[in-house]
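Secondary and tertiary structure notes
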Amino acid sequence: MAGSSPALLWVAHADSEFADINDEWEHFTGVSRGENLGPGWMRRIHPKDLAGWLKSFAEAFRLSKELSTRLRLERHDGQYRWMLVRANPLPTEGGQPGGFAGCCIDITDEREIADAVSDFSGRLIQAQEGERSRIARELHDDITQRMALLANGIQELDLPRLRLSTPQKKQRIQALKKLAIEISSDVQFLSRQLHPSKLQYLGLPAAIRSLCREVSLRHKVDVTCIVRDVPDKLPESISLNLFRTAQESLQNVVKHSRAQHALVELVGETAGIHLRISDDGVGFELNQENSSRGLGLTSMRERLNSVGGTFSVCSGRMTGTHVEGAVPMAQLAHG
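Here's what I pulled together on the structure shown here. (Residues numbered from 1 in each chain as written. Predicted model: local features only at pLDDT ≥ 70, side-chain atom pairs only at ≥ 80, totals over all residues. Heavy atoms only, no water.)

Quick word on the environment of Ile 238
Mapped onto the fold, Ile 238 is located in helix H8 (residues 236-257). Residue Ile 238 is classed as buried on the basis of its relative accessible area of 0%. (Helix = DSSP H or I, 4+ residues; strand = E, 2+ residues; numbered from the N terminus. Buried < 20%, exposed > 50% of the residue type's maximum accessible area, 1.4 Å probe, protein only.)

What follows is the structure in structure tokens.
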């Protein structure tokens with residue numbers, strides 16, 4: 001069993017020097033059995049982890065309890081791998097521990113995945129807080145001030161000292177009406193950014209067309225929208241994640257690309273639904289993404305992965321950016 005185990009099995013004396021190991025130790029370290037026995041194996045421990053290992057081992061030995069810790073071991077290729085170390089005391093005839101029998105299990109991949117998830121979660125929280133701050137600033141610095149101007153303008157119309165002719169009064173009322181419409185439009189835009197109601201009531205095709213029109217009008221970017229053979233009713237999770245992917249892509253076009261034209265295609269095909277967003281902007285090197293765009297691309301990829309879809313991006317300096325997402329037909333049936 002010890003010879004066929006993929007784990008690194010060992011037996012250690014009370015001083016943590018090895019008395020025996022299985023064959024996997026030689027394969028892992030790339031050195032002979034003799035070099036791993038005694039104190040030799042500890043030369044493979046990462047220098048920053050050695051003191052912690054000796055302390056954990058001594059405490060477990062003193063209390064005669066199970067040992068459980070993590071440390072980095074050097075592999076035969078010079079790479080340090082994270083190991084989960086578990087061991088149980090070996091009793092002697094007098095009942096005192098004579099050493100430990102244990103194993104080391106490589107958990108590097110799991111740890112890297114956990115670190116990546118933690119890093120992404122942290123960056124996502126920062127992005128959410130940043131977006132909340134932006135909306136709060138827009139409400140406070142822009143919407144609130146214009147609402148105050150509107151209220152003051154209405155109040156001034158009732159002041160006795162303000163003697164206006166009928167044409168002047170009509171002109172002021174028209175100006176206040178225009179201001180009220182602009183405020184209402186901007187509040188609706190903020191609301192749609194938070195929750196796309198058209199997506200819920202009219203379906204994905206209508207929501208995508210509306211998004212393209214809004215971006216064209218607000219940011220002076222010529223956005224061509226092509227929607228073909230896409231049913232109005234799709235599973236909610238798929239509709240939302242495709243819509244958010246298009247929304248995030250167009251935000252990147254506006255913020256980073258300096259593009260004059262963009263093309264959004266939402267097409268139903270035999271294999272599923274394809275979403276493509278292209279622009280004629282400055283592009284960027286994929287291995288040199290700035291943090292905000294990098295998070296946006298990661299978010300889009302995770303969104304589509306969550307519904308069984310795929311995501312890809314192609315870009316280069318001065319060659320524009322092409323984003324593509326797809327959800328296969330099988331996922332459309334099951335949602």
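Concerning empty space enclosed by the protein
Under the criterion given, the structure shown has 1 cavity of 30 Å³ or more. The calculated volume of the largest cavity comes to roughly 150 Å³. Asn 252, Val 253, Asp 279, Phe 284 and Thr 321 are the residues nearest the centre of the largest cavity, which is lined by 15 residues in total. Those elements that provide at least two residues to the lining of the largest cavity are H8, strand S8 (272-279), helix H9 (291-306) and strand S10 (321-328). Of the residues belonging to the lining of the largest cavity, the class tally is 7 nonpolar, 6 polar and 2 charged. (1 Å grid on protein atoms, 1.4 Å probe; cavity = no way out; pocket = protein on both sides within 12 Å on 5 of 7 lines; lining within 4 Å. Points joined across faces, edges and corners; volume = space filled by probe spheres on them. Nonpolar A, V, L, I, M, F, W, Y, C, P; charged D, E, K, R; others polar.)

Describing the packing of aromatic side chains
Evaluated as defined, the whole model comprises 8 aromatic pairs. Look at Trp 10 and Phe 18: their rings are 5.3 Å apart centre to centre, the planes differ by 10°, and that puts the pair in the stacked class. By the burial criterion, Trp 10 is buried, and Phe 18 matches it. Taken together, the ring pairs in this structure connect Trp 10, Phe 18, Trp 25, Trp 41, Trp 53, Phe 57 and Phe 100 into an aromatic cluster. The positively charged end of Arg 111 is found above the aromatic ring belonging to Trp 82, 3.7 Å away from the centroid. (Phe/Tyr/Trp six-rings, centres within 6.5 Å; stacked < 30°, edge-to-face > 60°. Lys NZ or Arg CZ within 6 Å of the ring centre and 35° of its normal.)

With respect to the pairing of strand S7 (residues 261-269)
Residues in a regular strand point their side chains to alternate faces of the sheet. Relative to S7, strand S6 (residues 222-228) is paired through 7 bridges, and the arrangement is parallel. Bridging from a neighbouring strand, Asp 222 pairs with His 261 of S7. Taking the sense of rotation as the criterion, the β-α-β connection linking S6, H8 and S7 turns out left-handed. Examined bridge by bridge, S7 and S8 share 8 bridges and lie antiparallel to one another. Residue pairing across strands places Ala 262 opposite Asp 279, the latter belonging to S8. With antiparallel pairing between neighbouring strands as the criterion, S7 and S8 make up a hairpin whose turn holds 2 residues. (Pairing = 2+ DSSP bridges. Right-handed = clockwise from strand over helix to strand, strands pointing away.)

Section: the nonpolar core
Among the nonpolar cores identified, the biggest contains 35 residues, and Leu 204, Ile 208, Val 223, Leu 242, Leu 250, Val 264 and Leu 266 are the most heavily contacted of them. Setting aside its immediate chain neighbours within four residues, Ile 208 contacts Cys 225, Val 227, Phe 243, Ala 246, Val 264 and Leu 266. Among the nonpolar cores identified, the runner-up in size contains 21 residues, and Phe 57, Ala 60, Leu 73 and Phe 100 belong to it. (Core = buried A, V, L, I, M, F, W, Y, C linked by side-chain atoms within 4.5 Å. Contact = heavy atoms within 4.5 Å.)

Considerations on helix H3 (residues 47-63)
Taking 1.5 Å of rise per residue, the 17 residues of H3 would be expected to cover 24 Å, and the 26 Å separating its terminal C-alpha atoms lies within 8% of that figure. Along H3, the positions that sit buried rather than exposed are Asp 49, Trp 53, Phe 57 and Ala 60. Looking straight down H3, one finds that the buried residues subtend no more than 70° of arc, so they occupy a single side. Those residues of H3 that are exposed and angled more than 90 degrees off the buried face are Ala 51, Lys 55 and Arg 62. At the exit of H3 stands Ser 64, carrying a positive phi of roughly 50°. (Expected span 1.5 Å × (residues − 1). Arc of directions from axis to C-beta.)

Quick notes on the side chain of Ser 16
Tracing the chain through its elements places Ser 16 in the loop between strand S1 (8-12) and strand S2 (18-21). On the basis of relative accessibility, which here comes to 1%, the residue Ser 16 falls in the buried class. The residues contacting Ser 16, other than those within four sequence positions of it, are Trp 41, Met 42, Trp 53, Leu 54 and Phe 57.

Description of the sheet that holds S8
Strand order in the open sheet formed by 5 strands is S6-S7-S8-S10-S9, with mixed pairing between adjacent strands. Edge positions in the sheet fall to S6 and strand S9 (310-315), since each of these pairs with one other strand and no more. Neighbour to neighbour, the strand axes of the sheet diverge by 10° on average, direction disregarded. Packed onto the sheet, helix H7 (residues 204-219) meets S6 and S7 and runs at close to 170° relative to S6. This element, H8, spans S6, S7, S8, S9 and S10 of the sheet and lies at about 10° to S8. (Axes fitted to C-alpha atoms, helices over the stretch in contact; angles between N-to-C directions.)

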